[in-house]
Amino acid sequence: MRLTNLLMAGKRVAVLGHEPELAARLRAMGAQTLVTDPAGALHGHRVLPAERALPIADLVVGARGEHLGLLRDGAILATAGPFADLFAVPAGTTAGPVGTRVRDGITAYRLDADREVFVLDRAC
């Protein structure tokens, strides 16, 4: 929150995987939580498959490389692991998204001509 100066109230946050405490905290801050874990329905979260949640999410927690094509322009990614793995260049190609440091802890990646995503460095 301090890093992005982003308020959660009204934001759509996709939480991928089993992270019930994180989803509960985000919901308590006013976010609309979209979770992929079916057990999230028991706690009042909206359950959607990643293919439907990612295109509408403002903030995504737990995305992996295969999810990049689903993200909307301007989405913010918070990863649990090293984010360099998200942008690994596929075998047989030489080009991939190039990151530009926006400020300490935030790097912008241009996915294509129309889409750019922002990745939060988990060290911050």
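Per chain, residues are indexed from 1 in the order of the written sequence. Predicted model: local features are reported for residues with pLDDT of at least 70 only, side-chain atom pairs are reported and counted for 80 or more only, and whole-chain, interface and lining totals are derived from all residues. Hydrogens are left out, water is left out, and the side-chain values use all remaining heavy atoms of the structure.

Chemist: What is the right way to look at the pattern of salt bridges in this model?
Modeler: Two side chains carrying opposite charge are able to pair once their charged atoms lie near each other. Salt bridge, as used here, is a side-chain nitrogen of Lys or Arg placed within 4 Å of a carboxyl oxygen of Asp or Glu. Under the definition given, this model contains four salt bridges. A salt bridge links Arg115 to Asp112, with the nearest nitrogen and oxygen atoms 3.2 Å apart. On the basis of relative accessibility, which here comes to 34%, the residue Asp112 falls in the partly exposed class. Each residue is placed in one exposure class: buried if its accessible area under a 1.4 Å probe, protein chains only, is under 20% of its type's maximum, exposed if it is over 50%, and partly exposed if it falls in between.

Chemist: Please explain the environment of Ala63 as it appears in this structure.
Modeler: Relative to the helices and strands, Ala63 is located in the loop between strand 4 (59–61) and strand 5 (76–78). For the pair Ala63 and Ala78, spaced 15 residues apart in the sequence, the C-alpha separation amounts to 7.7 Å. Strands are runs of DSSP state E lasting at least two residues, helices are runs of H or I lasting at least four, and both sets are numbered from the N terminus onward.

Chemist: Looking at this structure, I do not really get the pairing of strand 2 (residues 32–35). What am I missing?
Modeler: Here is the key point about a regular strand: its side chains alternate between the two faces of the sheet. Note: strand 1 (residues 12–15) against strand 2, four bridges, orientation parallel. Bridge pairing links Val15 to Val35 in strand 2. Following DSSP output, two strands are said to pair if at least two bridges run between them.

Chemist: Please explain the side chain of Asp58 as it appears in this structure.
Modeler: Relative to the helices and strands, Asp58 is located in the loop between helix 2 (50–53) and strand 4. Contacts described as polar in this section are N or O atom pairs within 3.5 Å, which, within protein, must combine one atom able to donate a hydrogen with one able to accept it, while residues neighboring in sequence count only if both atoms come from side chains. Side-chain polar atoms of Asp58 contact the side chain of Arg72, separated by 2.6 Å. Not counting the four nearest positions on each side in its chain, Asp58 is found in contact with Lys11, Arg12, Arg72, Gly74, Ala75 and Ile76. Two residues qualify as a contact provided that any one of their heavy atoms is within 4.5 Å of a heavy atom in the partner residue.

Chemist: Sorry, what's going on with the pairing of strand 7 (residues 106–112) here?
Modeler: Among the seven residues in strand 7, five count as buried, and that is most of the element. The antiparallel hairpin formed by strand 7 and strand 8 (residues 115–120) contains two residues in its connecting segment.

Chemist: I would appreciate a short explanation of the confidence of the model for the protein in the present structure.
Modeler: In this model, the protein carries a mean pLDDT of 81, and residues with pLDDT of at least 70 account for 77%. The predictor attaches a confidence to each residue, called pLDDT, with possible values from 0 through 100. Taken as a whole, residues 91–95 scores under 50 in pLDDT and shows two contacts with residues more than four places along the chain or in a different chain.

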